[in-house]
Amino acid sequence: MDYSQFLAMKQEIALLVVFLLVFLNDTFLPRNAQAAIGKVTALLFGIFTLWGFCPVVIGEGVQTAFEGMYETSPVIVAIKNILNVGVFIVLIQSLKWTAGESQVIRRGEFYELLLVTLFGMYLMISGRHFLVFIIGLESASLPLAAMVAFEKRRYESHEAAAKYILTAVFSSAVLLMGLSFVYGLCGTLYFGKIADVIAAGEVTNMVLLVVSIAFVMSGMGFKLSLVPFHLWTADVYQGAPTSVTSYLSVISKGSAAFAFLVILWQVFGQVYSTAWEWMLYALIILTITVGNLFAIRQKNMKRFLAFSSISQAGYIMLGIIGNNPMGEAALMFYVLVYIFSNLAAFGVIGAIENNCGKVSMDDYNGLYKTNPRLAVTMMLAMFSLAGIPPFAGFFSKFFIFTSAINQGSVAIYVLVLIALINTIISLYYYLLVVKAMFIKDVDDFTVQPFRSACSERVGMWICVAGILGLGLISCFYDTLLNVVGLS
């Protein structure tokens with residue numbers, strides 16, 4: 001075996017180094033020195049994130065390792081860097097929560113589990129063999145169940161963890177069933193070889209191939225919270241600690257979207273119009289519509305953002321339809337904007353919850369008068385998620401709609417029209433939060449004036465800078481388009 005192949009896994013190896021440093025710090029340093037483990041982890045990961053943008057990491061062209069089971073390229077590195085930015089924000093925003101009395105003993109485990117899940121997501125994105133992909137998928141899913149149950153003294157956290165692990169196991173079983181059909185039909189688990197067998201017309205049972213694709217899409221649909229595989233999402237988001245919920249809503253969803261794009265096009269792209277085009281259209285319409293309609297009824301802010309994230313997953317899936325550089329760049333840009341927008345909202349929710357334990361939308365009535373900075377941050381997040389110009393969310397939706405309609409078919413025009421109509425619906429429920437903070441007047445404010453922790457403010461500042469910066473400098477999309485062109 002040529003061990004130089006590991007050099008292609010620069011980001012994975014560097015992430016393992018960060019993990020080992022955090023683990024050694026948590027295990028062997030004196031207890032009084034462990035108080036800084038959160039800051040140390042954020043610092044190490046910040047350096048790791050900046051290092052990921054170096055030319056030596058990005059490289060040129062496609063590199064493979066282990067007989068093609070692993071692949072990296074400039075666009076794959078860019079995808080991982082986008083996820084790193086989100087993880088860095090989550091780490092900063094979680095510093096106060098992990099320093100609390102109930103979490104201080106096991107805060108090291110939180111950071112270690114988070115880094116392990118990110119490593120699994122890396123393998124999902126770079127894997128070009130379904131064995132590597134499944135290893136990455138399970139490495140990302142199982143530690144997340146422990147993170148959801150992290151507040152072990154809360155019944156809601158236990159319930160959320162049970163629902164998450166059962167759903168994860170069931171979705172993995174469905175996915176593996178579909179992959180077993182694929183292996184039986186094609187005799188291989190390599191992405192490229194499966195595509196070659198399908199392109200050569202060597203698949204004798206097309207009905208079974210369609211069934212296997214449906215199983216694969218169902219299994220991935222659970223990970224992305226696509227309707228009708230979304231029923232776990234609201235309960236898990238509500239029961240999990242807010243820092244874990246924010247991680248689930250953006251990082252886990254973003255990595256699954258990128259992996260889904262690779263699987264659908266690199267493996268089953270030859271049968272797009274005959275096998276899975278109509279499945280994808282149905283999933284997108286159901287996901288956007290159901291997510292929006294159920295979000296209107298929510299009063300708990302975490303459940304509200306859970307159904308919002310379901311709807312956003314439908315918009316993300318629009319980027320998968322366009323199998324071209326524009327579609328891939330639009331998907332990357334959308335996930336990046338979604339990271340800043342959603343984490344800004346969760347930053348405000350986390351700050352208020354850590355201070356007074358309030359998570360209901362009614363508790364936000366008159367927030368502008370007591371905590372104007374938090375109210376403005378939440379307003380910008382809502383405007384961006386709704387797609388109001390000139391904020392970043394407007395351009396992310398514009399680019400993803402443009403990439404989709406480049407297909408030119410009547411069906412795609414109808415699909416984009418339905419998505420646009422749903423954008424109007426989403427505008428209504430996002431503005432409900434803004435109305436509560438700025439317009440509703442109450443005599444007795446539920447959330448009294450307070451000063452959020454420095455780490456929480458830094459996390460929100462980064463998110464606000466991303467929302468405004470990517471809106472005013474939306475030409476960053478062109479940079480992503482050029483990166484896609486290098487791969």
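Residues numbered from 1 in each chain as written. Predicted model: local features only at pLDDT ≥ 70, side-chain atom pairs only at ≥ 80, totals over all residues. Heavy atoms only, no water.

## Notes on the environment of Asn-25
And step 1. With respect to the element layout, Asn-25 can be found in helix H1 (residues 10-28).
And step 2. Each C-alpha atom of the pair Asn-25 and Leu-248 lies 26 Å from the other, and the pair is 223 residues apart in sequence. (Helix = DSSP H or I, 4+ residues; strand = E, 2+ residues; numbered from the N terminus.)

## Side note on the packing of helix H7 (residues 130-148) against helix H8 (residues 155-186)
And step 1. The N-to-C vectors of H7 and H8 enclose an angle of 170°; their axes lie 8 Å apart at closest approach. Taken together, the axes of H7 and H8 are roughly antiparallel relative to one another. On the side of H7, the interface is formed by Phe-130, Phe-133, Ile-134, Leu-137, Glu-138, Ser-141, Leu-142, Leu-144, Ala-145 and Val-148, while H8 contributes Ser-157, Ala-160, Ala-161, Tyr-164, Ile-165, Ser-172, Leu-175, Leu-176 and Leu-179.
And step 2. For the contact of H7 with H8, the class distribution of residues is 15 nonpolar, three polar and one charged. (Axes fitted to C-alpha atoms, helices over the stretch in contact; angles between N-to-C directions. Parallel < 35°, antiparallel > 145°, perpendicular 65-115°, else oblique. Contact = heavy atoms within 4.5 Å. Nonpolar A, V, L, I, M, F, W, Y, C, P; charged D, E, K, R; others polar.)

## Focus: the environment of Val-267
And step 1. Topologically, Val-267 is positioned in helix H12 (residues 242-267).
And step 2. On the accessibility criterion, Val-267 (0% relative accessible area) is buried.
And step 3. Sequence separation of Val-267 and Gly-192 is 75 residues, and the distance between their C-alpha atoms is 6.5 Å.
And step 4. Residues within four places of Val-267 in sequence aside, it is in contact with Phe-130, Phe-191, Ile-194, Ala-195, Ile-198 and Val-262. (Buried < 20%, exposed > 50% of the residue type's maximum accessible area, 1.4 Å probe, protein only.)

## A short note on the packing of H12 against helix H14 (residues 301-321)
And step 1. One way to put it is that H12 packs onto H14 with a least axis distance of 10 Å and a crossing angle of 20°. Here H12 lies roughly parallel to H14, going by the angle between them. The chirality of how H12 crosses H14 is right-handed. Where H12 abuts H14, its residues Thr-242, Thr-245, Lys-253, Ala-257, Phe-260, Leu-261, Leu-264 and Trp-265 lie against Lys-302, Ser-309, Ala-313, Ile-316, Met-317, Ile-320 and Ile-321.
And step 2. Of the residues that constitute the contact of H12 with H14, the class distribution is 10 nonpolar, three polar and two charged. (Left-handed = near helix turned anticlockwise from the far one by under 90°.)

## Side note on the side chain of Ser-157
And step 1. Mapped onto the fold, Ser-157 is located in helix H8.
And step 2. Look at Ser-157 and you get buried, because its relative accessible area is 0%.
And step 3. Within the structure, Ser-157 has its side chain in polar contact with the backbone oxygen of Val-148 (distance 2.6 Å). (Polar contact = N/O pair within 3.5 Å; in protein donor to acceptor, adjacent residues only side chain to side chain.)

## Here we look at the confidence of the model for the protein chain
And step 1. Within the protein chain, residue pLDDT values average 85, and 97% of them lie at 70 or more.
And step 2. Considering each helix and strand of the protein chain separately, the mean pLDDT is smallest for helix H21 (residues 476-486), with a value of 71, and largest for helix H4 (residues 74-93), with 91. (pLDDT = per-residue confidence, 0-100.)

## A few points about the packing of aromatic side chains
And step 1. Tallying each qualifying case throughout the model produces 24 aromatic pairs.
And step 2. A centroid spacing of 5.5 Å and a plane angle of 20° characterise the contact between Phe-294 and Phe-307, whose relative ring orientation is stacked. With Phe-294 in helix H13 (residues 272-296) and Phe-307 in helix H14, the pair connects residues that are 13 residues apart, well separated along the chain.
And step 3. Under the relative-accessibility criterion, Phe-307 is labelled buried at 8%.
And step 4. Taking NZ or CZ as reference, Lys-80 lies 5.2 Å from the ring centre of Tyr-122, over its face.
And step 5. Sitting over the ring of Tyr-315, Lys-397 keeps its end group 4.8 Å from the ring centre. (Phe/Tyr/Trp six-rings, centres within 6.5 Å; stacked < 30°, edge-to-face > 60°. Lys NZ or Arg CZ within 6 Å of the ring centre and 35° of its normal.)

## Observations concerning the pattern of salt bridges
When charged atoms on two side chains of opposite charge get close, those side chains can pair.
And step 1. In the structure shown here, the tally under the stated rule is five salt bridges.
And step 2. Residue Glu-71 is joined to Arg-128 by a salt bridge in which the shortest nitrogen-to-oxygen separation is 3.5 Å. In this pair, Glu-71 is assigned in strand E2 (residues 70-72) and Arg-128 in the loop between helix H6 (107-126) and H7, connecting sequence segments 57 residues apart.
And step 3. With a relative accessible area of 17%, Glu-71 lands in the buried category.
And step 4. According to the relative accessible area criterion, Arg-128 is buried, its value standing at 6%.
And step 5. Shared partners join several salt bridges into a network, and the residues in it are Glu-159, Lys-163, Asp-235 and Arg-303. (Salt bridge = Lys/Arg side-chain N within 4 Å of Asp/Glu carboxyl O.)

## Things to note about the nonpolar core
And step 1. Ranked by internal contacts, the top residues of the largest apolar core, which has 180 residues, are Phe-133, Phe-268 and Trp-276.
And step 2. Counting residues per element, this core draws most heavily on helix H15 (residues 325-356), which supplies 20 residues. (Core = buried A, V, L, I, M, F, W, Y, C linked by side-chain atoms within 4.5 Å.)

## A look at unusual backbone geometry
And step 1. Along the chain, Val-227 connects to Pro-228 via a cis peptide bond; the corresponding omega equals 10°.
And step 2. Within the secondary structure layout, Pro-228 lies in the loop between helix H10 (206-224) and helix H11 (233-239).
And step 3. In this structure, Phe-66 takes a positive phi of about 55° despite not being glycine.
And step 4. Here Phe-66 is to be found in the loop between strand E1 (63-65) and E2.
And step 5. At Glu-67, a residue that is not glycine, the phi angle is positive and equals roughly 60°.
And step 6. Summarising the element assignment, Glu-67 is placed in the loop between E1 and E2.

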